[in-house]
Amino acid sequence: VHFQNATADLLRSSYMNIQTSPDTQLQPLNGEARPLEQWLTTFHLATIVLDPFTNESAWILPTAVRILRQFAGASVRTNFVITATPKEAREFLGPHAEEFLVFCDPARAFVKQLGATELPAFVYIQIDGSIPVSAQGWNAKAWSSVAAHIADAVSWSKPSIPVAGDPGTFKGSP
């Protein structure tokens, strides 16, 4: 299931089997770039994609941190993909830059492979590089469905989405 467009009603499109390229270089905030397949050798990726230059990504940051913290310790590698340089990513994330694995994608090459046309986005990437479920923009039902899929896949507890303080539904930025 692929969820798209954060509207009051949950919009569902037919199952989309998005396949990433295993050769795509991912540049972590700390360390050397490595191909995606090396990041997927042991764990799936629970990825939240943010654009630090938009209000939408700033609005969802506290919620995104809470969701990724829920999966800390699970058999999934939690991470942010930030569409900015390492310096800009550090400025945007503040102390969270040290807490989480952070990939920088200023040219949005990886974001395009994820099929993300609106940010923020919540994407589950399986070990084989396929994306069985994702959500774009902020829609609590869509993000909750992605979290439930991840929790089921890794036998972990699902975060509560939404909780008091989470923003209202909004369409993502391009």
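Residues numbered from 1 in each chain as written. Predicted model: local features only at pLDDT ≥ 70, side-chain atom pairs only at ≥ 80, totals over all residues. Heavy atoms only, no water.

1. Section: the pairing of strand E4 (residues 25-28)
A regular strand carries its side chains on alternate faces of the sheet. The alternating pattern of E4 places Leu26 and Pro28 on a buried face and Gln25 and Gln27 on a face that is not buried. In the sheet, E4 pairs with strand E5 (residues 34-35) via two bridges, with the strands oriented antiparallel. Residue pairing in the sheet places Leu26 in a bridge with Arg34 of E5. Linking E4 back to E5 in an antiparallel pair, the connection comprises five residues, with Gly31 at a positive phi of about 120°. For E4 and strand E8 (residues 101-104), the ladder comprises two bridges, and the chain directions are antiparallel. When the sheet's bridge partners are listed, Pro28 is paired in E8 with Phe103. (Buried < 20%, exposed > 50% of the residue type's maximum accessible area, 1.4 Å probe, protein only. Helix = DSSP H or I, 4+ residues; strand = E, 2+ residues; numbered from the N terminus. Pairing = 2+ DSSP bridges.)

2. A few points about the confidence of the model for the protein chain
Caution is warranted with low-pLDDT regions, since their predicted coordinates should not be read in detail. Per-residue confidence for the protein chain averages 91 on the pLDDT scale, and 91% of its residues sit at or above 70. Low pLDDT, under 50, characterises residues 1-15; the stretch is placed with 43 contacts to residues that sit more than four places away or in other chains. (pLDDT = per-residue confidence, 0-100. Contact = heavy atoms within 4.5 Å.)

3. A short note on the environment of Pro106
Take Pro106: it is sitting in the loop between E8 and helix H5 (109-113). Separated by 23 residues in the primary sequence, Pro106 and Thr83 place their C-alpha atoms 4.4 Å from one another. Every residue in contact with Pro106, bar those within four places of it in the chain, is listed here: Ile82, Thr83, Ala84 and Thr85.

4. Looking at the environment of Phe122
By secondary structure assignment, the location of Phe122 is in strand E9 (residues 121-125). Note on Phe122: relative accessible area 0%, which makes it buried. C-alpha separation for the pair Phe122 and Trp138, spaced 16 residues apart in sequence, amounts to 9.0 Å.

5. Here's the deal with the packing of aromatic side chains
The geometry of two aromatic rings is summed up by the distance between their centres and the angle between their planes. For the structure on display, the rule yields five aromatic pairs. Between Trp59 and Phe170, the ring centres sit 5.2 Å apart and the planes meet at 80°, which makes this aromatic pair edge-to-face. With Trp59 in helix H2 (residues 55-70) and Phe170 in the segment after helix H6 (140-154), this residue pair connects regions lying 111 residues apart in the sequence. Judged by relative accessible area, Phe170 falls into the buried class, the value being 10%. Relative to Phe100, the ring of Phe80 lies with its centre 5.4 Å away and its plane at 90°, an arrangement referred to as edge-to-face. One end of the pair, Phe80, is in strand E7 (residues 76-82); the other, Phe100, is in the loop between helix H4 (96-99) and E8, and 20 residues separate them in sequence. (Phe/Tyr/Trp six-rings, centres within 6.5 Å; stacked < 30°, edge-to-face > 60°.)

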